[in-house]
Every structure is written in C-alpha cells, then in structure tokens.
Amino acid sequence: MKIATWNVNSLKVRLPHLLDWLAAESPDVVCLQELKLEDKAFPVEELAAAGYKAVFSGQKTYNGVAILSKLDARDVQIGIPGLEDEQRRIIAATVDGVRVICGYFVNGQAVGSEKFAYKMSWLAALTAWVREELQQHPQLVLTGDFNIAPEARDAHPDWKDEIHVSEPERAAFRALLALGLSDAFRLFEQPEKIYSWWDYRMMAFRRNFGLRIDHILISAPLLPQALRCWVDKAPRKLERPSDHAPVIVELKRTV
DNA sequence: ATGTCGTGTTTGACACGA
C-alpha cells in the first residue's frame with residue numbers, strides 16, 4: 001500500500017502531471033494540497049477514469065485539500081473540529097482501516113508576523129485534535145505540506161530565512177511526534193540534502209536550494225509495516241512543475 | 001537580486017500569497 005502527499009499548487013494546472021504520475025506510480029492513497037479551486041471545479045470524472053475516488057475541500061484561489069484513493073474513503077472530516085477557519089486546510093478519511101489526515105499547514109510568512117501567530121495557534125489546535133484522533137484510530141497517517149523543516153539537515157545550508165526552520169515551528173513539529181507519530185522518511189537511511197520544495201525563483205531547483213517540508217507521519221502500530229519512504233523528484237523536472245515534489249511511503253499491507 | 005508562479009481583479013497591469 002502506497003500513501004503519497006503532493007502539494008500540486010493548482011490542481012487545474014497540474015492535472016496532466018497528476019494523471020501521468022498516478023499512472024506511473026499507482027499510489028493507493030494520495031493527499032493533495034493547494035488545489036486552488038472550488039469544489040464544483042474539482043476534476044472528479046478525470047480522476048475516476050484514472051481509477052481514483054476523491055474527497056475534497058476546496059475554495060477559490062487559495063488552499064484546498066483532497067484525498068484520492070483506489071478504495072472508498074469513509075468517515076470524512078473536513079477542517080479541525082471546533083476551529084473556526086475559512087481556510088480549507090484539513091481533510092481526513094479512513095481508507096482500508098487507516099485514518100488518513102491530509103493537511104495544508106499554514107505558511108506563516110515571517111516569524112513574528114500575524115500570519116505566524118495564526119500558524120502557531122493552528123498547529124496547537126491540530127495537535128490537540130490529532131491526539132483525539134489517535135485514540136479513535138490507532139492506525140493513523142498525518143501527511144501533507146507542513147511548511148516546517150524539522151531539523152537542520154532538512155534545510156539547505158544556505159537557507160537564511162527563519163520561517164519554516166524556526167525553533168517554535170520545530171517544537172510544534174516535535175509535539176506532533178510526541179503524540180506517538182514517526183517521520184516515515186527518517187525511518188530509513190536517506191541520502192543527504194533531500195528536499196521536497198524549491199522556490200520557483202533563484203533557479204532554486206537547479207541548485208537544490210530547497211527544504212524538506214512535506215511529510216508523512218505514521219503512528220506506532222504502522223511502524224512494523226513501513227517498507228520505504230522517498231521523495232519523487234521526477235514531476236519537479238517536467239515543464240511547468242509544482243514547486244513541491246511528492247513524497248511516498250510504502251506499507252506492507254495488502255489492498 | 002521585489003528574482004517565479006498561480007489566481008484574481010480595480011483586467012492586457014497589478015495585487016496577493018507563497
């Protein structure tokens with residue numbers, strides 16, 4: 001069973017990339033972020049033709065999340081319960097007995113800004129909710145664009161901005177791990193300087209000037225099932241790519 | 001190096017978010 005996350009930065013623009021990638025990689029579950037389209041514009045039929053069901057929560061221009069799956073997605077939850085938020089950042093569903101939470105975490109813009117305060121309070125609300133979800137669903141995957149590079153090795157050495165690498169953000173990431181989750185990528189030996197996002201500017205991708213901010217966290221009962229986890233840079237090399245590359249975890253599980 | 005994208009509107013130029 002392969003579970004993937006990909007910030008597509010406009011599903012409308014990236015649909016051809018996505019369909020090609022689904023055909024090539026055949027993931028069982030795909031969490032998408034930054035759809036940037038309203039629900040009525042979601043490409044339900046194109047994805048169904050590719051063999052995927054979809055649940056989604058979108059809005060005009062910004063944000064928007066979806067879970068694609070070969071099997072049915074059950075018990076769909078949109079947004080963090082109890083959190084007033086117009087920004088469509090969270091969708092959760094149960095697929096084949098695994099609770100999948102797909103998140104487009106707040107960017108935060110700059111440490112100390114109003115948006116940063118929103119990021120930190122949003123992270124606190126998410127953490128409290130995921131704690132409850134874990135009690136209901138021991139087999140849980142929390143994945144998406146976290147907009148946090150957890151450790152120094154997850155940021156290019158020349159990264160100077162504080163946002164995405166600040167201590168409060170990293171502490172919030174560790175608080176999620178402390179719920180009993182593990183960063184699937186770090187369960188395995190990995191090459192150095194593996195990132196999942198590169199700014200469109202400054203020829204960042206060519207220079208590998210990136211951050212590892214897209215993550216797949218898995219709960220303890222799933223640990224024995226984890227086979228591998230990797231970043232797939234192939235779609236980032238195409239014409240008109242998303243600024244993010246997909247991340248995939250493979251679980252030993254029959255679907 | 002206010003650099004590139006995607007989307008939207010106050011639309012063929014600029015604002016915003018990332």
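Report on the accompanying structure. It should be emphasised that the depicted structure is a prediction, and the values quoted were computed from it without experimental measurement.

Another aspect to go through is the overall build of chain A. Looking only at helices and strands, one finds four helices and 14 strands in chain A. The C-alpha radius of gyration of chain A comes to 17 Å, within 12% of the 18 Å expected for a compact globule of 255 residues. If you line up chain A on its principal axes, its C-alpha atoms span 45 × 45 × 40 Å. At a minimum sequence separation of 6, the contacts of chain A that also span at least 24 residues come to 70%. Per element, the accessible surface of chain A, about 11,500 Å² overall, is 50% carbon and sulfur. Averaging the coordinates of the 32 positive side-chain charges in chain A and doing the same for the 34 negative ones gives two points 3 Å apart.

Attention shifts here to the packing of helix α3 (residues 114–136) against helix α4 (residues 167–177). Axis separation between α3 and α4 bottoms out at 10 Å; the angle between their running directions is 10°. In this view, α3 runs roughly parallel relative to α4, as classed from their interaxial angle. Across the interface between the two elements, Phe116, Lys119, Met120, Leu123, Leu126 and Thr127 of α3 pack against Pro168, Glu169, Ala172, Ala175 and Leu176 of α4. Residue composition of the contact of α3 with α4, grouped by class: eight nonpolar, one polar and two charged.

Looking now at the protein's contact with DNA strand B. As a structural note, the neighbourhood of DNA strand B is formed by 15 residues, with Ser10, Arg14, Lys60, Thr61 and Asn107 the closest of them. For DNA strand B, the backbone portion of the atoms within 4 Å of the protein, that is sugar and phosphate, comes to 74%. Within the side chain of Lys115, one N or O atom sits 3.3 Å away from a phosphate oxygen of DNA strand B. Here the surface near DNA strand B is built from residues that sort into five nonpolar, four polar and six charged.

If you trace the backbone, Ser196 turns up in the loop between β9 (181–183) and β10 (197–198). Its relative accessible area of 0% is what places Ser196 among the buried residues. One polar contact links Ser196 to Asp214, side chain to side chain, over a distance of 2.6 Å. Aside from chain neighbours lying at most four places away, what touches Ser196 is Leu211, Arg212, Ile213, Asp214, Val231, Asp243, His244, Ala245 and Val247.

All right, on to unusual backbone geometry then. Positioned with a positive phi, Thr61 is a non-glycine residue whose angle comes to about 75°. Taking relative accessible area as the criterion, Thr61 reaches 40% and is therefore assigned partly exposed. You will see that Met203, though not glycine, has its phi angle at about 50°, which is positive. Within the element layout of this structure, Met203 appears in the loop between β10 and β11 (210–211). Taking relative accessible area as the criterion, Met203 reaches 49% and is therefore assigned partly exposed.

Before going further, it helps to examine the side chain of Asp232. With respect to the secondary-structure elements, Asp232 resides in the loop between β13 (226–231) and β14 (247–251). Within the structure, the side chain of Asp232 is placed 3.1 Å from the backbone nitrogen of Ala234, a separation counted as a polar contact. With residues up to four places along the chain from it excluded, the contact list for Asp232 reads Trp21, Glu25, Ala245, Pro246 and Ile248.

What follows concerns the environment of Val95. Tracing the backbone through its elements, the reader meets Val95 in strand β6 (residues 90–95). As a C-alpha pair, Val95 and Ser196 span 101 residues in sequence and 25 Å in three-dimensional space. Beyond its immediate chain neighbours, meaning those up to four positions away, Val95 contacts Met1, Val29, Ser69, Leu71, Asp72 and Ala73.

What counts and how
Residues numbered from 1 in each chain as written. Chains lettered and ligands numbered in written order. Predicted model: local features only at pLDDT ≥ 70, side-chain atom pairs only at ≥ 80, totals over all residues. Heavy atoms only, no water. Helix = DSSP H or I, 4+ residues; strand = E, 2+ residues; numbered from the N terminus. Rg over C-alpha atoms; globule rule 2.2 N^0.38 Å. Contact = heavy atoms within 4.5 Å. Areas by Shrake-Rupley, 256 points an atom, 1.4 Å probe, with all protein chains shown as cover. Lys, Arg positive; Asp, Glu negative; His and termini not counted. Charge placed at Lys NZ, Arg CZ, Asp CG, Glu CD. Axes fitted to C-alpha atoms, helices over the stretch in contact; angles between N-to-C directions. Parallel < 35°, antiparallel > 145°, perpendicular 65-115°, else oblique. Nonpolar A, V, L, I, M, F, W, Y, C, P; charged D, E, K, R; others polar. Near = heavy atom within 4 Å. Polar contact = N/O pair within 3.5 Å; in protein donor to acceptor, adjacent residues only side chain to side chain. Buried < 20%, exposed > 50% of the residue type's maximum accessible area, 1.4 Å probe, protein only.

This is a description of form; function is not addressed.
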